[in-house]
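The lines below spell out each chain.
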Amino acid sequence: MKVLCVAEKNKISKSVSASLSRNNFQSRNTKSKYVKNYSFRFNFPQWGDCDVIMTAVSGHIMQKEIPSDYGWGKVPNDSLFKCPIVTRYGDDNAKKIAENISELAKSSDVLMIWTDCDREGEYIGWEILKAAQEGNSSFTLDNVYRARFSHLESKHIYSAACNPVRLDKLAIDAVDTRMEIDLRTGYCFTRLLTDSFRNVIKSDSVDDDNNNGNSTKNKKKNDKMISYGNCQFPTLGFVVDRFRRIKYFKEEEFWGIDLNLKKDRKKFPFIWERNRLFDRLQTVCIYQNCINEQSDNVVVKHVSTNPTTRYAPLPLTTVELQKDCSRYFKFSAKDTLQVAENLYTKGLISYPRTETDSFPRSMDFRHFITMQTASSEWGEYSSSLLNETNHKFRVPRRGKHDDEAHPPIHPVGYADNLTGKEKTIYEYVVRRFLASCSLDATGSMTSIKVQWATETFHSTGLVVLERNYLDIFKWDHWDSSKKGLPNVAVGEHIQISDATISSGKTAPPQPLTETELISLMDVNGIGTDATIADHIDKILTREYIIKQKLGSGKSSKEVFHPTILGYGLADGFGKLGFNNISLTKPFMRKDMENDLADICQGSKPKGQVLKETLDVYRDAYTITDEKVSTLVNAYKTALNHSRS
DNA sequence: GCAAGGTC
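Residues numbered from 1 in each chain as written. Chains lettered and ligands numbered in written order. Predicted model: local features only at pLDDT ≥ 70, side-chain atom pairs only at ≥ 80, totals over all residues. Heavy atoms only, no water.

Caption draft 1: Structural view of the overall build of chain A. Helices and strands together make up the secondary structure of chain A, namely 19 helices and 17 strands. Taking all 644 residues of chain A together, 50% fall into the buried category. In chain A, the share of contacts with a sequence separation of at least 24, taken over all contacts with a separation of at least 6, comes to 76%. Surface accessibility of chain A: about 31,400 Å² in total, with carbon and sulfur atoms responsible for 47%. Once the 89 positive and 82 negative side-chain charges of chain A are each reduced to a mean point, those two points are 2 Å apart. (Helix = DSSP H or I, 4+ residues; strand = E, 2+ residues; numbered from the N terminus. Buried < 20%, exposed > 50% of the residue type's maximum accessible area, 1.4 Å probe, protein only. Contact = heavy atoms within 4.5 Å. Areas by Shrake-Rupley, 256 points an atom, 1.4 Å probe, with all protein chains shown as cover. Lys, Arg positive; Asp, Glu negative; His and termini not counted. Charge placed at Lys NZ, Arg CZ, Asp CG, Glu CD.)

See the structure below:
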């Protein structure tokens, strides 16, 4: 029997080949530079000793497209809601990969799909089946095998090979639905917006004066692209929302009581339990009452000291990596992913696109920690984790997310010759990994409550007892309180040093940081770990948002503001009066995700979801088209406001 | 010229 195995990427096909063949496999180049064919023998329980060829694709092979008959300007925009959709090869390389599969399929008796165990992986499996059918029409959904695996440990891979299932047609339907909705709505709204803003906004990069816009060719070239995407717009919405909260923020004055106590010739500040009141008179009355009743001392009501813990970090996911690299190093999410990919291809870290925050049970932590003992910076710490007598090592905590395809990001090789961003991110991944293998930090928290007439005040103080992971994860700060607490007992009277009424004003929120934006997208299901950075980058290049440095020195950070165009678009879409929907909020995407889950469950057919969803977008399109002047005017208003 | 999702 001849068995053809196909993985989602070469890396996996090589690793699976090595596991199944016990490192006894031959490798051949293909026409695609990303893919190799590996051959070996394997004894499958259902077919006996087989000749196996294992190859891979490189992500999706095919791409959905609007047919050229429905090109820009050739048809009414809304015909894109019902026009046929064609699929073609993503690029030349994808075609070579598909041909490699068709060719191999000709002489194969069995086809086994080894794509990632997620929705997209199921769909890529379907694309692989289609390519195989070109060469061997006997392969169908009913006889193709699908290996289910969630990591690359040999035993697990062996078991996956021996217990294959079928491709999940429902998951394939779900992905197909998402693709169709994104394509139709994206193209349709993009054409409308770009055409509507044609004479209102000019691209910066062209010489407008020399071009009167008569030539279609020049028109295209000079147009500013105003793209719409089901992820782009909610992303823009997050930035605009924060901007609005700042813009319309009304500051309020508040009052409080500052109390300083005196003991052993030292002063200790205490915090009012009511924190602050927005009523000056009430604050003054309370203050006067305290002074009158008990003018020079307070009574200690409560003293407690409790152990407290600061948890070592969870195993690292893509989104966490991007958030921390933005926060600590000011790297954009896109740069971070790019650099992490370089480190991955150099064999230094594991696959950098993962949602999983718990390591496989069989993970050999010692192996990966041992590698790091060579470092002059963290080698000593790594050795101390390995030292059995001091019990510094612990199996990392387990998070609740599992993409069932990749383990958390961790170092898999050692290097000390890296420079620039690669050095920084590698060090981060290593320290984070070592930290997750370290004990939690411990401390003791003392809390004192005192009573001054009717009012209660408190103060807390932290003493860090064991730093543990903090020693290696240097970006996390948890320090003993500098001020300390007075040494007091319950019932004791303490002298008041001074008590004053303070006042302040509420402050507006800060503009959105990239860390916050990534979090918002992540929790709202806008994009995936692999695409969140792309969506942010896209609306930056479309000039819907800009990045700005806020503050100076060590505390400076980079934040996002909407541009006039971005604000105008979000504001304009808000004024169109859709029926209970918003294109700049994440809810439509969430609804669609729920529908896709229903398709996977079999509780809603693909056709129904497509129709219902596209109907909603089509209504929105019709309204946008009718009131497009409202949209343009919102932009003009924003422009005028910015000039005045 | 236009989306989002894979991967290099």
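Caption draft 2: Molecular detail of the pairing of strand 13 (residues 455–466). Pairing of strand 10 (residues 266–272) with strand 13 involves 2 bridges; the strand directions are antiparallel. Bridge pairing links Ile-271 to His-458 in strand 13. The pairing of strand 12 (residues 441–452) with strand 13 spans 11 bridges and is classified as antiparallel. Looking across to strand 13, one finds that Met-445 is bridged to Leu-462. If you look at the hairpin formed by strand 12 and strand 13, you'll find 2 residues sitting between the two strands, and Ala-453 has a positive phi there, around 55°. (Pairing = 2+ DSSP bridges.)

Caption draft 3: Region of interest: the side chain of Ser-438. Its place among the elements puts Ser-438 in the loop between helix 13 (420–436) and strand 12. Among the polar contacts listed, one links the side chain of Ser-438 to the side chain of Tyr-381, at a separation of 2.6 Å. What Ser-438 contacts, discounting residues up to four positions off in sequence, is Ala-312, Tyr-381, Leu-385, Lys-392, Arg-394, Tyr-469 and Ile-472. (Polar contact = N/O pair within 3.5 Å; in protein donor to acceptor, adjacent residues only side chain to side chain.)

Caption draft 4: Just the protein's contact with DNA strand B, in detail. The environment of DNA strand B is formed by 42 residues, the closest being Ser-58, Gln-63, Tyr-187, Thr-528 and His-535. The share of sugar and phosphate among atoms of DNA strand B within 4 Å of the protein is 54%. Among the elements that make up the surface near DNA strand B, the one with the highest residue count is helix 5 (residues 169–196) (9 residues). Each residue belonging to the surface near DNA strand B can be placed in one class, and the counts come to 10 nonpolar, 16 polar and 16 charged. (Near = heavy atom within 4 Å. Nonpolar A, V, L, I, M, F, W, Y, C, P; charged D, E, K, R; others polar.)

Caption draft 5: Main features of the packing of helix 9 (residues 318–329) against helix 14 (residues 514–524). One can describe the packing of helix 9 onto helix 14 by two numbers: an axis separation of 8 Å at closest approach and a directional angle of 160°. Considered as vectors, helix 9 and helix 14 are oriented roughly antiparallel to each other. Regarding helix 9 and helix 14, the two cross each other, and that crossing is left-handed. On helix 14, the residues that touch Val-319, Gln-322, Lys-323, Ser-326 and Arg-327 of helix 9 are Glu-514, Thr-515, Ile-518, Ser-519 and Asp-522. Tallied by class, the residues present in the contact of helix 9 with helix 14 amount to 2 nonpolar, 4 polar and 4 charged. (Axes fitted to C-alpha atoms, helices over the stretch in contact; angles between N-to-C directions. Parallel < 35°, antiparallel > 145°, perpendicular 65-115°, else oblique. Left-handed = near helix turned anticlockwise from the far one by under 90°.)

Caption draft 6: Expanded view of unusual backbone geometry. Even without a glycine there, the phi angle at Asn-275 is positive, about 65°. Within the fold, Asn-275 resides in the loop between strand 10 and helix 8 (280–293). For Asn-580, which is not a glycine, the phi torsion comes out positive at approximately 60°.

Caption draft 7: Region of the structure containing the packing of aromatic side chains. Taken as a whole, this structure holds 31 aromatic pairs when the rule is applied. Taking the centre distance of 6.1 Å and the plane angle of 50° together, the rings of Trp-452 and Phe-457 count as tilted. Residues Trp-452 and Phe-457 agree in their burial class; the two are buried. Feature note: the residues Phe-81, Phe-189, Tyr-228, Phe-233, Tyr-544, Phe-573, Phe-578 and Tyr-621 constitute an aromatic cluster, connected by ring pairs. Positioned above the aromatic ring of Tyr-328 is the side chain of Arg-327, whose terminal nitrogen or guanidinium carbon lies 5.7 Å from the ring centre. (Phe/Tyr/Trp six-rings, centres within 6.5 Å; stacked < 30°, edge-to-face > 60°. Lys NZ or Arg CZ within 6 Å of the ring centre and 35° of its normal.)

Caption draft 8: Main features of the sheet that holds strand 12. Pairing in this closed barrel of 6 strands is antiparallel, and the strands run 9-10-13-12-11-14 around the ring. Strand-to-strand twist across the sheet, computed as the mean angle between neighbouring axes with direction ignored, equals 40°. Against the sheet, helix 8 touches strand 9 (253–263), strand 10, strand 12, strand 13 and strand 14 (493–505), its axis set at about 20° to strand 9.

Caption draft 9: Quick look at the nonpolar core. Counting residues in each nonpolar core, the largest one holds 60 residues, and the members touching the most others are Phe-197, Tyr-544 and Phe-573. Those elements giving two or more residues to this core turn out to be helix 5, helix 7 (232–247), helix 14, helix 15 (532–541), helix 16 (564–574), helix 17 (587–601), helix 18 (606–626) and helix 19 (628–643). Counting contributing residues, this core receives three or more from each of domain 1 (2–167) and domain 2 (173–248 + 511–643). (Core = buried A, V, L, I, M, F, W, Y, C linked by side-chain atoms within 4.5 Å. Domains from an automatic or database assignment.)

Caption draft 10: Region of interest: the sheet that holds strand 1 (residues 2–7). The sheet built from 6 strands is open, its strands ordered 2-3-4-1-7-8 with mixed pairing. In the strand order of this sheet, the two ends are held by strand 2 (26–29) and strand 8 (145–146), each with one partner. For strand 1 and strand 7 (residues 110–114), the ladder comprises 5 bridges, and the chain directions are parallel. Residue pairing in the sheet places Val-6 in a bridge with Ile-113 of strand 7. Helix 1 (residues 10–21) rests against strand 1, strand 3 (36–44), strand 4 (48–56) and strand 7 of the sheet, and its axis sits at about 35° to strand 3.

Caption draft 11: Structural detail: the environment of His-60. For His-60, the location among the structural elements is in the loop between strand 4 and strand 5 (62–65). For the pair formed by His-60 and Gly-90, sequence separation is 30 residues and the distance between their alpha carbons is 7.6 Å. Leaving out residues up to four positions away in the same chain, His-60 has contacts with Glu-120, Tyr-123, Ile-124, Glu-127 and Met-179. A polar contact of 2.8 Å, which involves the side chain of His-60, links it to the side chain of Glu-120. Among the polar contacts made by the side chain of His-60, one reaches the side chain of Glu-127 at a distance of 3.0 Å.

Caption draft 12: Local environment of the packing of helix 7 against helix 16. Relative to each other, helix 7 and helix 16 sit at 95°, their axes nearing to 10 Å. Taken together, helix 7 and helix 16 sit at an angle that is classed as roughly perpendicular. Seen from helix 7, the contacting residues are Phe-233, Leu-236, Val-240, Phe-243, Arg-244 and Lys-247; seen from helix 16, they are Gly-566, Tyr-567, Leu-569, Ala-570, Asp-571 and Phe-573. Residue composition of the contact of helix 7 with helix 16, by class: 8 nonpolar, 1 polar and 3 charged.

Caption draft 13: Structural detail: the environment of Ala-147. Along the chain, Ala-147 turns up in the loop between strand 8 and helix 4 (154–162). Since its relative accessible area comes to 0%, Ala-147 is described here as buried. Along the chain, Ala-147 and Asn-306 lie 159 residues apart, while their C-alpha atoms are 51 Å from each other. Excluding its chain neighbours within four sequence positions, the residues that come into contact with Ala-147 are Met-112, Ile-113, Trp-114 and Ala-160.

Caption draft 14: Quick look at helix 19. In a regular helix each residue adds 1.5 Å, so 16 residues correspond to 22 Å; helix 19 covers 23 Å between its end C-alpha atoms and thus fits that length. Residues Val-628, Leu-631, Val-632, Ala-634, Tyr-635, Ala-638 and Leu-639 constitute the buried set of helix 19. With its buried residues spanning 150° around the axis, helix 19 presents them on a single face. Of the surrounding secondary structure, the elements contacted by the buried residues of helix 19 are helix 5, helix 16 and helix 18. (Expected span 1.5 Å × (residues − 1). Arc of directions from axis to C-beta.)

Caption draft 15: Representation of the pattern of salt bridges in the model. If you walk through the whole model with that rule in mind, you get 49 salt bridges. The shortest N-O distance in the salt bridge between Arg-618 and Asp-78 comes to 3.8 Å. Of this pair, Arg-618 sits in helix 18 while Asp-78 sits in the loop between strand 5 and strand 6 (86–89), and the two are 540 residues apart along the sequence. Assessed through its relative accessible area of 26%, Asp-78 is described here as partly exposed. (Salt bridge = Lys/Arg side-chain N within 4 Å of Asp/Glu carboxyl O.)

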